[in-house]
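These are the residues of each chain, in order.
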Amino acid sequence: YLSFLRASLDGKFIPTVMMAASHGESFSNGQRLLQQVVSEMHSLFHGMINITEESFLLDCRKSRSPEMKQLKRFLKQERKKFVESDVRYPRLCEPVANKLLPTLREQREDPFMETEELVQIIEKEECPGQDKEIIKKVIDFLDEAGEVVRVDNVVSVDPCSLSQYAIGPVMAPKDLKWHTEAPDGRMTREEAEKAIKQYLHDHKLRIRLNVDTVLKMLEDLGFCMKLEDGSYMFPAHLSPLKHLCEMWKKEEDKKVYVGRRHFCSSPFIFSPGTFCFFQRQACVEIDKLARMWRNVIIVAKGEVASTYAQCLVTMDKHLRAVDFVARGREGSESQCLSLLNDVTRVWEYIVAKHSPGTEYQTGYLSRKHITEHKEQIAFYSEEVVNDGKKNGPSALVRVVSGGEEVVDTLQDLLVLLPVQPESSKVVQAVLNCGQ
């Protein structure tokens, strides 16, 4: 959870986290175990997350225990500090936040409305005669403050409504039969409407939602994309691929292979959901007919066989590494590199947007291993590559099975060399290009 929290923040804000442990009655040495966890988290996330010295070991069956009272007292103190340090709202924003929005939340059956509609309500109720552009800036401020949620030209006057009534029921519907029946992640408008109505009915909520507005917001947020047949594809609903080798087979005419890896080490991870956002964006920008499974996507580019290239992208189950492998026919080196660059550019954009706190490095995959479709693929770090370019052949000492040298994999020098070249010629060619 702390790794996810760190990945989701851009480093400008350092959150404060307090740790409380349940089942304290089950351990005679519970306090010591809790302190070990707190100490370990302190060392892992030092400078990234402020973990309080206070920690609480609780027997959650006893609401009036001394430990529970201490926890409540601590939370009240922290809330008081937060409220006192909070920034005051500008003059135009305060009556909207404190008076108008609570009224709208109570009276409206549909919490979502067009931005223009909210502008008109604010102008009529709180800011008569005020310029509409100023009122839009009021809405922008309230969006930043968390009083409303604005998605494109739709505003949710209740910030919790988007996750509670839209994202939750559609992304995790109560009846998941449609998911097993549609492993390609598709959901029709009718299925989305059924899931939302089911949730509202089960919770006895008197709320009316426009399903088209909800789906448009989810699409704008990157959770799904609308297909030509009118259905919606949700990458988060995709089924896993059991055997990658069946979809990424060796092909005799595919002679050119090139690959990279983006990887991070503990405590960093790529934020959960990042790959789903990437899949959608890759379909929008590169290949709308891309084949996708959970944590796997294959995109293609090129109209004719001579310029055709494919790129396989996979994420490991620990969310710490993503591999990019492009391949094509003999002579398609520039097409493979172009596609590889396009795909990694989209990935880097999505990571910066959805996982800004993740620190990762770039590695270069063994051409020998990806050409032979090995399950375990060796890779060379950027540090090793740069050291080889700077210090010459003596620095290129790391090898993998089969005698491949680091220089065999330096595809970023825009030279794709044979898979098993004569070592001395390879070193000299790479060094010449590096210069």
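Every value quoted in this text rests on a predicted model; they were computed, and no experiment measured them.

Cut-offs and rules
Residue positions are given per chain, counting from 1 as you read along its sequence in written order. Under the rules for a predicted model, residues below a pLDDT of 70 receive no local features and side-chain atom pairs below 80 are neither given nor counted, while totals for whole chains, interfaces and linings still include all residues. Side-chain measures were taken over the full set of non-hydrogen atoms in the model, leaving aside hydrogen atoms and water. Here the term patch refers to residues with relative accessible area over 30% and no salt bridge, with like charges joined within 9 Å and nonpolar side chains (Val, Leu, Ile, Met, Phe, Trp, Tyr) within 5 Å. Every accessible area reported is derived by Shrake-Rupley at a probe size of 1.4 Å, with residue values counting cover from the shown protein chains alone. What makes a salt bridge here is a side-chain nitrogen of Lys or Arg within 4 Å of a carboxyl oxygen of Asp or Glu, nothing more. Counted as positive: Lys and Arg. Counted as negative: Asp and Glu, with His and the chain ends omitted from the count. Charge placement uses NZ in Lys and CZ in Arg. For Asp and Glu, CG and CD serve respectively. Runs of H or I in DSSP of at least four residues are treated as helices and runs of E of at least two as strands, each being numbered from the N terminus. Should DSSP find at least two bridges between two strands, the strands are regarded as paired. To sort residues, take the accessible area from a 1.4 Å probe on protein chains only and compare it with the maximum for the residue type: under 20% means buried, over 50% means exposed, and anything in between is partly exposed. By the criterion applied in these results, polar contacts are pairs of N or O atoms within 3.5 Å in which, for protein atoms, one can donate a hydrogen and the other can accept it, and in which residues neighboring in sequence qualify only through two side-chain atoms. Residue contacts follow a heavy-atom distance rule, with two residues in contact if any of their heavy atoms lie within 4.5 Å. Side-chain atoms within 4.5 Å link the members of a nonpolar core, which is a set of buried Ala, Val, Leu, Ile, Met, Phe, Trp, Tyr and Cys residues. Fitted lines through C-alpha atoms give the axes, limited to the stretch in contact for helices. The angle between two N-to-C directions lies from 0 to 180 degrees. Lining residues are defined by having an atom within 4 Å of a point belonging to a cavity or pocket. Those points lie on a 1 Å grid over the protein atoms alone, cavities being sets where a 1.4 Å probe fits but cannot get out and pockets being open sets with protein on both sides within 12 Å along at least five of seven lines. Grid points are joined across faces, edges and corners, and a volume is the space filled by probe spheres set on the points. We call Asp, Glu, Lys and Arg charged. Ala, Val, Leu, Ile, Met, Phe, Trp, Tyr, Cys and Pro are nonpolar, and the rest, Gly among them, are polar.

Some thoughts on a positive patch on the surface
(1) Moving on: There is a patch of like positive charges on the surface, built from Arg64, Lys69, Lys72, Arg73 and Lys76.
(2) Moving on: Note on placement: Arg73 falls in helix 3 (residues 66-85).

What about the sheet that holds strand 6 (residues 186-187)?
(1) Moving on: Sheet architecture is open: 3 strands sit in the order 6-8-7, paired in antiparallel fashion. Of all strands in the sheet, those bounded by a partner on one side alone are strand 6 and strand 7 (225-226).
(2) Moving on: Looking at chain direction, strand 7 and strand 8 (residues 232-233) are connected through 2 bridges and run antiparallel. For Met225, the partnering residue across the bridge sits in strand 8 and is Met233.

Quick notes on the side chain of Ser231
(1) Moving on: Within the secondary structure, Ser231 is located in the loop between strand 7 and strand 8.
(2) Moving on: A relative accessible area of 6% places Ser231 in the buried class.
(3) Moving on: Polar contacts involving the side chain of Ser231 include one to the side chain of Asp229, which spans 2.6 Å.
(4) Moving on: The contact partners of Ser231, leaving out residues within four places of it in the chain, are Arg186, Met187, Thr188, Met225 and Lys226.

Quick notes on the nonpolar core
(1) Moving on: Counting residues in each nonpolar core, the largest one holds 48 residues, and the members touching the most others are Phe278, Ile297, Val299, Val313, Val343 and Trp347.
(2) Moving on: When neighbours within four sequence positions are excluded, Trp347 is seen to be in contact with His262, Phe270, Thr274, Phe275, Phe278, Met315, Val322 and Phe324.
(3) Moving on: Core analysis: the second largest hydrophobic core is formed by 25 residues, Val154, Leu162, Leu218 and Phe234 among them.

So, the sheet that holds strand 3 (residues 112-114)
(1) Moving on: In spatial order, the strands read 3-5-4; together these 3 strands make up an open sheet with antiparallel pairing. Among the strands making up the open sheet, the edge pair consists of strand 3 and strand 4 (149-151). Pairs of neighbouring strands in the sheet enclose a mean axial angle of 25°, with direction left out of account.
(2) Moving on: As defined by bridge partners, strand 4 adjoins strand 5 (residues 154-156) across 3 bridges and the pair is classed as antiparallel. Each residue of the ladder has a partner; that of Arg150, found in strand 5, is Val155.

Quick look at the environment of Asn295
(1) Moving on: By secondary structure assignment, the location of Asn295 is in the loop between strand 10 (291-293) and strand 11 (296-301).
(2) Moving on: Taking the C-alpha atoms as reference points, Asn295 and Gly273, separated by 22 residues in sequence, lie 9.6 Å from one another.
(3) Moving on: Not counting the four nearest positions on each side in its chain, Asn295 is found in contact with Phe275, Gln279, Val313, Thr314 and Met315.

Notes on the layout of surface pockets
(1) Moving on: When its volume is computed, the largest pocket comes out at roughly 840 Å³.
(2) Moving on: Residue lining of the largest pocket: 24 residues in total, with Leu244, Thr314, Lys374, Glu375 and Ile377 positioned closest to the centre.
(3) Moving on: Going through the elements one at a time, helix 11 (244-247), strand 12 (309-315) and strand 13 (321-329) are the ones with two or more residues in the lining of the largest pocket.
(4) Moving on: It is strand 12 that contributes the most residues to the lining of the largest pocket, 4 residues altogether.
(5) Moving on: Among the residues making up the lining of the largest pocket, the classes are represented as 13 nonpolar, 4 polar and 7 charged.
(6) Moving on: Approximately 420 Å³ is the volume attributed to the second largest pocket.
(7) Moving on: Surrounding the second largest pocket, 16 residues form its lining, Arg186, Met225, Leu227, Lys288 and Leu289 being those nearest its centre.
(8) Moving on: Broken down by secondary-structure element, the contributors of at least two residues to the lining of the second largest pocket are strand 7, helix 12 (274-285) and strand 10.
(9) Moving on: Among the residues forming the lining of the second largest pocket, the class breakdown is 9 nonpolar, no polar and 7 charged.

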